[in-house]
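Breakdown of the fold
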Amino acid sequence: MKPNQKLKLSKKVQVKNMFDSISAEYDLLNRIMTFGNDIRWRKKIYKIAKSDNPKDILDIATGTADIALELSKITESSIIGLDISEQMLEVGRKKINNKKLSNKVVLISGDAENLDYEKESFDLVTIGFGVRNFENLEKGLKESHRVLRSRGKLIILETSVPENSIIKFFYFFFSRSFIPLIGSLFSKDKTAYQYLQKSAEKFPSGKNFILVLNKCGFSNVKVQTQMFGATSIYIAKK
Ligand SMILES: C[S@@+](CC[C@H](N)C(=O)[O-])C[C@H]1O[C@@H](n2cnc3c(N)ncnc32)[C@H](O)[C@@H]1O
């Protein structure tokens, strides 16, 4: 390699480094950028999930474990939270210890695209604001499909782009100004928040994301849009 030639890191390594660097402020900024709605969305995921009374749950891209902690309210459930960012998991582990939930929730370093579990190991897989960070989206979703038991459920919470053109106009204005501004005020990694905003605009949502889920083997996909369509909860069956 020539001395001035920069090594191009894979998307996975860049994503891991980025979440490692913003782990300390992630929870606070998440709350600010969603106007506190992230708490409500996680409660919705819990309500959708508990109707099937799942026992074995895998929360992929668990980050600081907020979804995993919410799901721990399901009686007799045991939850594995998996993430590639060890620093995000460290923040999550502190919360789990504080809540004395380490017998129910375990956090593990791992890659959504290469899961170290046998096929049909889980009743429920959840992924909150994770899929748009995958290096290979279809590979990650197919892995979720593989580890789910027959008729198991996948619940995905992800940003989406509103379909209504007037709302879309305000959405773009807001996301292109507010999110990078908050990032630059509160975070030492400004580029991270530029990435989060840009990746949200480019990621397939609504019908397009349902097509991807179908291609990866999921059926019966339902969508619940949140915050004028800026976020969606997808519920799919194996
Ligand atoms: C925006 S955070 C979401 C955290 C949490 N689920 C939430 O709802 O707040 C995205 C997380 O996805 C993780 N991630 C990205 N790609 C991943 C992969 N291939 N495997 C596992 N985790 C991944 C990142 O490390 C990061 O912690």
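About the criteria used
- Residues numbered from 1 in each chain as written.
- Predicted model: local features only at pLDDT ≥ 70, side-chain atom pairs only at ≥ 80, totals over all residues.
- Heavy atoms only, no water.
- Helix = DSSP H or I, 4+ residues; strand = E, 2+ residues; numbered from the N terminus.
- Rg over C-alpha atoms; globule rule 2.2 N^0.38 Å.
- Buried < 20%, exposed > 50% of the residue type's maximum accessible area, 1.4 Å probe, protein only.
- Contact = heavy atoms within 4.5 Å.
- Areas by Shrake-Rupley, 256 points an atom, 1.4 Å probe, with all protein chains shown as cover.
- Lys, Arg positive; Asp, Glu negative; His and termini not counted.
- Charge placed at Lys NZ, Arg CZ, Asp CG, Glu CD.
- Pairing = 2+ DSSP bridges.
- Axes fitted to C-alpha atoms, helices over the stretch in contact; angles between N-to-C directions.
- Near = heavy atom within 4 Å.
- Polar contact = N/O pair within 3.5 Å; in protein donor to acceptor, adjacent residues only side chain to side chain.
- Nonpolar A, V, L, I, M, F, W, Y, C, P; charged D, E, K, R; others polar.
- Parallel < 35°, antiparallel > 145°, perpendicular 65-115°, else oblique.
- Left-handed = near helix turned anticlockwise from the far one by under 90°.
- Patch = residues over 30% accessible without salt bridge, like charges linked within 9 Å, V, L, I, M, F, W, Y side chains within 5 Å.
- Salt bridge = Lys/Arg side-chain N within 4 Å of Asp/Glu carboxyl O.

1. Side note on the overall build of the protein
- Helices and strands together make up the secondary structure of the protein, namely 8 helices and 7 strands.
- For 238 residues, the compact-globule formula gives about 18 Å, and the C-alpha radius of gyration of the protein, at 17 Å, lands near that figure.
- With the C-alpha coordinates of the protein rotated into their principal frame, the extents come out at 50 × 45 × 40 Å.
- Residues classed as buried in the protein amount to 53% of the 238 residues present.
- For the protein, the share of sequence-separated contacts (at least 6 apart) that also reach a separation of at least 24 residues comes to 73%.
- On the protein, roughly 12,000 Å² of surface is accessible, and the fraction owed to carbon and sulfur atoms is 57%.
- Counting 40 positive and 26 negative side-chain charges, the protein places the averaged centre of each group 4 Å from the other.

2. Some details on the sheet that holds strand 4 (residues 122-128)
- Strand order in the open sheet formed by 7 strands is 3-2-1-4-5-7-6, and the pairing between neighbours is mixed. Among the strands making up the open sheet, the edge pair consists of strand 3 (105-109) and strand 6 (219-226). Shown here is a sheet whose adjacent strand axes are inclined to one another by a mean of 15°, direction ignored.
- Here strand 2 (residues 78-83) runs beside strand 3; their pairing, made up of 5 bridges, is parallel. Within strand 3, the residue paired with Ile-79 across the bridge is Val-105.
- In the packing of helix 5 (residues 137-147) onto the sheet, contacts are made with strand 1 (56-60), strand 4 and strand 5 (148-159), and the angle to strand 5 comes to roughly 145°.

3. Side note on the site of the ligand
- Taken together, 19 residues surround the ligand, and among them Tyr-26, Ala-61, Asp-83, Ala-112 and Gly-128 come closest.
- Within the side chain of Tyr-26, one N or O atom sits 2.8 Å away from an oxygen atom of the ligand.
- Within the side chain of Asp-83, one N or O atom sits 2.5 Å away from an oxygen atom of the ligand.
- Burial of the ligand by the protein amounts to 98% of the accessible area it has alone, namely 590 Å².
- The greatest single-element share of the shell around the ligand, amounting to 4 residues, is contributed by helix 1 (residues 11-33).
- Looking at the shell around the ligand, its residues break down into 9 nonpolar, 7 polar and 3 charged.

4. With respect to the side chain of Glu-158
- When you line up the elements, Glu-158 lands in strand 5.
- On the accessibility criterion, Glu-158 (0% relative accessible area) is buried.
- Here the side chain of Glu-158 touches Arg-132 through a polar contact of 2.8 Å, side chain to side chain.
- Each residue touching Glu-158, except ones within four places of it in the same chain, is listed here: Phe-129, Gly-130, Val-131, Arg-132, Phe-203, Thr-231 and Ser-232.

5. Let's talk about the packing of helix 1 against helix 6 (residues 165-186)
- With their axes 11 Å apart at the nearest point, helix 1 and helix 6 run at an angle of 150° to one another. Classified by the angle their axes make, helix 1 and helix 6 are roughly antiparallel. The hand of the helix 1/helix 6 crossing is right-handed. Listed contacts from helix 6 to Glu-25, Leu-29, Ile-32 and Met-33 of helix 1 are Phe-174, Phe-178, Ile-179, Ile-182 and Phe-186.

6. A short note on helix 5
- Taken as a whole, helix 5 has its buried residues at Leu-137, Gly-140, Leu-141, Glu-143, Ser-144, His-145 and Val-147.
- Those residues of helix 5 hidden inside the fold are in contact with strand 1, strand 4, strand 5 and helix 8 (207-215).

7. Some words on a nonpolar patch on the surface
- Together, Leu-28, Leu-181, Leu-185 and Phe-186 make up an exposed nonpolar region whose accessible area comes to about 410 Å².
- Along the chain, Phe-186 turns up in helix 6.
- On the accessibility criterion, Phe-186 (43% relative accessible area) is partly exposed.

8. Section: the environment of Asp-27
- Topologically, Asp-27 is positioned in helix 1.
- With 37 residues separating them along the chain, Asp-27 and Thr-64 place their C-alpha atoms 7.5 Å apart.
- In contact with Asp-27, other than residues within four places in its own chain, are Thr-64, Asp-66, Val-91 and Lys-95.
- A distance of 2.7 Å separates polar atoms of two side chains, one belonging to Asp-27 and the other to Lys-95.

So far we have only geometry, and geometry alone does not tell us how the molecule works.
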